[in-house]
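So the chains spell out like this:
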Amino acid sequence: MTRKLDVIVANPAGNTTIMVLTPTEISDYQEVANKLLEIDFGKEYGVRFTKPASESVLGEQVEFLLPYDAKADQLPSMNMCGLEFCGNASRAFAYYRASHCGDGELQPDGTKKLQVKVSGCDYPLTAHIDEELFEARIQMPVPVNVIPFTGEELELTEENPDLRTCFMIDMDGISHLILKNIEATPEKFDRIRNYVYNKCGSFEAFGVMFLDKTSEHITPVVYVRDVDTTYFEGSCASGTTAAAFGVVYDKPDGEYDFTFSEPAGTLHTKVTKIDGKITGIDLYGLLELSDIITIEI
């Protein structure tokens, strides 16, 4: 059966996200997402972004907007295809609500402040949208657990003898292992993921952030269990947050700012630590949206 959908293609720091505006049943998410991820929106619909500039625009992930009634005392909500958490998709959703729907309270600095509900997080997230600078800042969930690993466990010490300890940062809707100065390869990711799943259980979504400490460059690789997909992503908001958390984990109280370059974009974080605990993490970066596109799949 042919299905007609309205979609927007979002470019949050290169982590290309397809936003489905048409109400869709959860039972249909995977089928719809699989078809959307096959479409080259650049070649078929003329979508163009500033960075990365390319004639080919393929989605890395799909989010579904839920029906919204402003009179029903509810917040705008969206689900990821696998019901996982995604910071970049959350930024894109907040930007859409502010720029297309008029949501948000105008702030003295000219930004719009609003709250959104997203899958993989059980409380509303606060976002600040700057339409003039094409920037979306969002409050990220503070990690709920830190699990230490050793390089020996992950069979990585031969490649990096100094990798004695690394951390997996559990963010409730997704968990990320932070690896420093290790080359990112599909084979290495699959081996690490299988080991972690056997030892710690089957997470909804799992990523490895391959962090080059010298250049502060992250290569993010993410697996989503329910749709059984692995992506070398253009950027990863939750993984960037986890990396910043891991760096600040054993530092004294204070505010810390980080800028991480990633394969297709740059993300910034601000981490606040009070009384030995990380109490807040904001993430921000550039964001572009296509026009609304009506497609049939």
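Here the structure is shown first, and the text comes after it.
Presented here is a report on the structure given in the accompanying data block. (Residues numbered from 1 in each chain as written. Predicted model: local features only at pLDDT ≥ 70, side-chain atom pairs only at ≥ 80, totals over all residues. Heavy atoms only, no water.)

## Topic: the overall build of the chain
What counts, and what does not: Counting from the N terminus, the helices are the DSSP runs of H or I reaching at least four residues and the strands are the DSSP runs of E reaching at least two. The globule rule used here is 2.2 Å times the number of residues to the 0.38 power, and the radius of gyration it is set against is calculated over C-alpha atoms. When a residue's accessible area, from a 1.4 Å probe over protein chains only, is under 20% of the maximum for its type it is buried; when over 50% it is exposed; and in between it is partly exposed. The contact rule is simple, with two residues in contact once any of their heavy atoms fall within 4.5 Å. Charge assignment: positive for Lys and Arg, negative for Asp and Glu; neither His nor the chain ends contribute. Where a charge sits is defined by one atom per residue type, namely NZ (Lys), CZ (Arg), CG (Asp) or CD (Glu).
Per the secondary structure count, the chain includes five helices and 18 strands. In terms of overall size, the chain behaves like a compact globule, its C-alpha atoms giving a radius of gyration of 19 Å where 297 residues would be expected to give roughly 19 Å. Projecting the C-alpha coordinates of the chain onto the three principal axes gives extents of approximately 55 × 45 × 35 Å. The buried share among the 297 residues of the chain stands at 53%. Here the contacts in the chain between residues at least 6 apart in sequence split such that 57% fall between residues at least 24 apart. Put simply, the chain has 25 plus and 48 minus side-chain charges, and the middle of one group is 2 Å from the middle of the other.

## Focus: unusual backbone geometry
P52 follows K51 through a cis peptide bond whose omega is 0°. Residue position: P52 is located in the loop between α2 (41-45) and β3 (61-65). The phi torsion at A13 lies on the positive side, around 55°, for a residue other than glycine. Relative to the helices and strands, A13 is located in the loop between β1 (4-12) and β2 (17-20). Positive phi outside glycine occurs at D275, with the angle close to 50°. On the secondary structure map, D275 appears in the loop between β16 (265-274) and β17 (277-289).

## Description of the packing of aromatic side chains
The criterion, for reference: Pairing of aromatic side chains requires ring centres within 6.5 Å, counting the rings of Phe and Tyr and the six-membered ring of Trp. Pairs whose planes differ by under 30 degrees are stacked, by over 60 edge-to-face, and all others tilted.
For the coordinates displayed, the defined rule picks out ten aromatic pairs. Seen in terms of ring centroids, Y197 and Y223 are 6.1 Å apart; in terms of plane orientation they differ by 75°. Their pairing is edge-to-face. You can see Y197 sitting in helix α4 (residues 186-200) and its partner Y223 sitting in strand β13 (residues 217-224), a full 26 residues away along the chain. Given the relative accessible area of 9%, Y223 is considered buried.

## Quick notes on the pairing of strand β14 (residues 229-232)
What counts, and what does not: Note: two strands are recorded as paired if DSSP finds a minimum of 2 bridges between them.
Alignment of β13 against β14, held across four bridges, turns out to be antiparallel. Residue pairing in the sheet places V222 in a bridge with Y231 of β14. Here β13 folds back onto β14 in antiparallel fashion, the turn holding four residues, of which D228 has a positive phi close to 50°.

## Some points on the environment of R91
For clarity, the threshold we go by: Here a polar contact is taken to be a pair of N or O atoms separated by no more than 3.5 Å, where protein atoms must pair a possible hydrogen donor with a possible acceptor and residues adjacent in sequence count only if both atoms sit in side chains.
Relative to the helices and strands, R91 is located in helix α3 (residues 87-101). Its relative accessible area of 1% is what places R91 among the buried residues. Expressed as a C-alpha distance, the spacing of R91 and Y284, which sit 193 residues apart in the sequence, is 8.1 Å. Once residues lying within four places of it in the same chain are set aside, the contact partners of R91 are P12, A13, A136, I138, L267, L283, Y284, G285, L286 and L287. In this structure the side chain of R91 is engaged in a polar contact, spanning 3.4 Å, whose partner is the backbone oxygen of L286.

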